[in-house]
Amino acid sequence: MLNKEKFGSNFKWGTTICAFQNEGWANSDNKGQSIWDAFTSDAKNIKNNDAINNASNFYKDYEKDIRIARSLNLNTFRFSLSWTRIFPDGKGEINPEGVKFYHKVIDCCIENNLEPWITLYHWDLPKKLEELGGWTTRSIINWFSEYANFCSNEYGEKVKHWIVLNEPMSFTGLGYFMGYHAPAKTGISNFLKAAHHTALCNADGARIIRKNVKNATIGTAFSCSYVKPINKSRLNEKSAQRVEAMLNRFYLEPTLGLGYPTDVMPGLNMINRCFKDGDLERLKFDFDFIGIQYYFRVVTKFSLFPPVLFASEIEPKKRTRNLNTMGLEVYPQGLSKVLQFYNQYDGIKNIIITESGVCYDDHLTNGKIYDIKRLRYHRRMLKEILKCKKKGINITGYFIWTLIDNFEWREGFEPRFGLVHNNFETQERTIKYSGLWFRKFLRI
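These remarks concern the structure in this document. Fair warning: this is a prediction, and the values are worked out from it, not measured in the lab. (Residues numbered from 1 in each chain as written. Predicted model: local features only at pLDDT ≥ 70, side-chain atom pairs only at ≥ 80, totals over all residues. Heavy atoms only, no water.)

**Considerations on the overall build of the protein**
Worth spelling out the cut-off: Only DSSP runs of H or I with at least four residues qualify as helices, and only runs of E with at least two residues qualify as strands; both kinds are numbered from the N terminus onward. For the radius of gyration, the atom set is restricted to C-alpha positions; the globular benchmark scales as 2.2 Å times the number of residues to the power 0.38. Working definition: with a 1.4 Å probe on protein chains only, accessible area under 20% of the residue-type maximum means buried, over 50% means exposed, and in between means partly exposed. The contact criterion used throughout is that any non-hydrogen atoms of two residues lie within 4.5 Å. Under the convention used here, a 1.4 Å probe and the Shrake-Rupley method define accessible areas, while residue burial counts only the protein chains that appear.
Within the protein, the secondary structure is distributed over 15 helices and eleven strands. Whereas a compact globule of 444 residues would reach a radius of gyration of roughly 22 Å, the protein reaches 21 Å, a difference of no more than 12%. Expressed as lengths along the three principal axes of its C-alpha atoms, the size of the protein is roughly 55 × 50 × 45 Å. Each of the 444 residues in the protein was classed as buried or not, and the buried ones make up 61%. Considering only residue pairs separated by 6 or more positions, the protein has 75% of its internal contacts joining residues 24 or more positions apart. As presented, the protein carries roughly 18100 Å² of accessible surface, and 49% of it is formed by carbon and sulfur atoms.

**Here we look at the packing of aromatic side chains**
Where two aromatic rings form a pair, the distance of their centres and the angle of their planes describe that pair. Put simply, the test is: Any two of the Phe, Tyr and Trp rings considered here, Trp counted by its six-membered ring, make a pair once their centres fall within 6.5 Å; the pair's planes then place it as stacked at under 30 degrees, edge-to-face at over 60, or tilted in between.
Considering all chains together, one arrives at 46 aromatic pairs under this definition. Judged by centre distance (5.1 Å) and plane angle (80 degrees), the rings of tryptophan 117 and phenylalanine 399 are edge-to-face. Of this pair, tryptophan 117 sits in strand 3 (residues 115–121) while phenylalanine 399 sits in strand 9 (residues 395–400), and the two are 282 residues apart along the sequence. Here the two residues tryptophan 117 and phenylalanine 399 agree in accessibility, since each one is buried.

**Details of the side chain of threonine 84**
The following threshold applies: By the criterion applied in these results, polar contacts are pairs of N or O atoms within 3.5 Å in which, for protein atoms, one can donate a hydrogen and the other can accept it, and in which residues neighboring in sequence qualify only through two side-chain atoms.
Relative to the helices and strands, threonine 84 is located in helix 4 (residues 83–86). Of the residues examined, threonine 84 reaches a relative accessible area of 0% and is grouped as buried. Within the structure, threonine 84 has its side chain in polar contact with the side chain of lysine 31 (distance 3.1 Å). Apart from the residues within four sequence positions on either side, threonine 84 is in contact with Asn30, Lys31, Gly32, Gln33, Ser34 and Pro126.

**Considerations on the pattern of salt bridges**
Selection criterion: A side-chain nitrogen of Lys or Arg and a carboxyl oxygen of Asp or Glu constitute a salt bridge if their distance falls within 4 Å.
Evaluated as defined, the whole model comprises 32 salt bridges. Measuring nitrogen to oxygen at the nearest pair gives 3.2 Å for the salt bridge that ties lysine 128 to aspartate 89. Highlighted residues: lysine 128 in helix 6 (residues 127–130) and aspartate 89 in the loop between helix 4 and helix 5 (96–111), separated in sequence by 39 residues. Lysine 128 gets classed as partly exposed once you look at its relative accessible area, which sits at 43%. On the basis of relative accessibility, which here comes to 38%, the residue aspartate 89 falls in the partly exposed class.

**What about helix 13 (residues 334–342)?**
Across the nine residues of helix 13, seven count as buried, placing the element largely inside the fold. Listed in full, the buried residues belonging to helix 13 are Gly334, Leu335, Ser336, Val338, Leu339, Phe341 and Tyr342.

**Side note on the nonpolar core**
Rules: To qualify as a nonpolar core, a set must consist of buried Ala, Val, Leu, Ile, Met, Phe, Trp, Tyr and Cys residues joined through side-chain atoms within 4.5 Å.
Counting 140 residues, the largest nonpolar core has Phe144, Tyr155, Tyr342 and Tyr398 as its most contacted members. If you tally residues by element for this core, the top one is helix 9 (residues 188–212), at eleven residues. Counting residues in each nonpolar core, the second largest holds six residues, with Trp117, Ile163, Ile352 and Phe399 among its members.

**Re helix 9**
Residue pairs spaced three or four apart in an α-helix point in one direction, given the helix's 3.6 residues per turn. For the record, the criterion: Expected span of a helix: the number of residues minus one, times 1.5 Å.
Between its first and last C-alpha, helix 9 extends 36 Å over 25 residues, near the 36 Å set by a 1.5 Å rise per residue. A large share of helix 9 lies buried, amounting to 18 of its 25 residues.

**Describing the side chain of glutamate 253**
Among the secondary structure elements, glutamate 253 is positioned in helix 11 (residues 252–255). Engagement of the side chain of glutamate 253 in a polar contact is seen with the side chain of arginine 249, the distance being 2.6 Å. Residues in contact with glutamate 253, not counting those within four places in the same chain, are Leu258, Gly259, Pro261 and Tyr345.

**A look at the environment of aspartate 65**
Relative to the elements of secondary structure, aspartate 65 occurs in helix 3 (residues 58–71). According to the relative accessible area criterion, aspartate 65 is buried, its value standing at 1%. Taking the C-alpha atoms as reference points, aspartate 65 and lysine 318, separated by 253 residues in sequence, lie 39 Å from one another. Those residues in contact with aspartate 65 that sit more than four places away from it in its chain are Ser56, Phe58, Leu403, Ile404 and Arg429.

**Considerations on the pairing of strand 3**
Keep this limit in mind: Strand pairing is defined by DSSP finding a minimum of two bridges between the two strands.
In terms of residue burial, strand 3 counts as a mostly covered element, since six of its seven residues are buried. The sheet contact formed by strand 2 (residues 76–80) and strand 3 spans five bridges and is parallel. Its bridge partner being in strand 3, serine 80 is matched across the sheet by threonine 119. The pairing of strand 3 with strand 4 (residues 161–166) spans four bridges and is classified as parallel. When the bridges of strand 4 are listed, tryptophan 117 appears paired with histidine 161.

**Here we look at a nonpolar patch on the surface**
This is how the line gets drawn: Here the term patch refers to residues with relative accessible area over 30% and no salt bridge, with like charges joined within 9 Å and nonpolar side chains (Val, Leu, Ile, Met, Phe, Trp, Tyr) within 5 Å.
The grouping of Leu235, Phe302, Leu304 and Phe310 at the surface amounts to a nonpolar patch, some 380 Å² of accessible area in total. Tracing the chain through its elements places phenylalanine 310 in the loop between strand 6 (289–302) and strand 7 (311–313).

This is the structure:
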């Protein structure tokens, strides 16, 4: 039987939202343009030619959404800052309207007894900085430091919980290697430069928050997957090790002072070309927690392409029917595998599930949405957490992706992850059955 008490009285129950995916109003109140504003301005880049417009209207409806979160008996509200609402050009001049907006969001959280958690960066790099090289230029370290310094000084009296980066492997891999996400760059050289500079910003940003915010709790959020070879042949098992190194080890191990995982991927030694004196030590930071963001399993086989990785994924649709609307495998039991993997590292003090969720087609029937499959997913995830807590793994929070259906990057509006349904034409919210279940489960 699941019950709230089994997780402990200090367990964090929250949702995660993202500035770009939720706020909308990209051209209002002197906000600057991000790489995602530029990328989505061409509807051909987005599934179904969806135009983001006002997304889920959080910029105007933040009070309503925060009240909904509190009505579900959550105790934590994680949101990201839009870099270009605060620095329209990415650096230099501050936008008072943007600064004021996030003060209002924070105050609203506090008024509703929700602990505000800030994510500094969730993929929306200022377009002006990308034109100067973006994550591929070492100058980004100074730009990001200026941004982190301002935000932590500005909001640090009210906000004590900070996440530096959201899924660095996702935005560097998809945006600077595969070209699938903004800013649509490709190639191993772009990726390695972007990845190393991102890792340095991860640690430098944390040090800045530590200096500026008294009694801060600081973490960072890594995407991760349970990786398994298609069979036990030596080549396929090695392929799984390399994929695991990229997905689960690449950013974590430098943070712990272990360097990049070149033991199973000698080709990654090319990243040494990006190093300057002192970088290995500079990559380290003693985080208070590591955020894990788990959604799906990856099954691999040996492949000659791409080089360095020499592995490819077996398409989920070719091996299972248990898929979400994005065609990814729904595999909640993989969470315990990932948690056990991370628990091997002595340098990790505390683990929080900073994102997990599932997208299915939701149907509004007589004003209600019976999203039973989503509820089953979250219940199974909670059981996996309890299983690991019983084994002594220190897991102290579960943040659901996401509160309100929003804009899912290149996939547009089709994937719905929310506990709350959104009508994107009217911005009307309807709490789904999964949300009502959490309200009852978390009742005070």
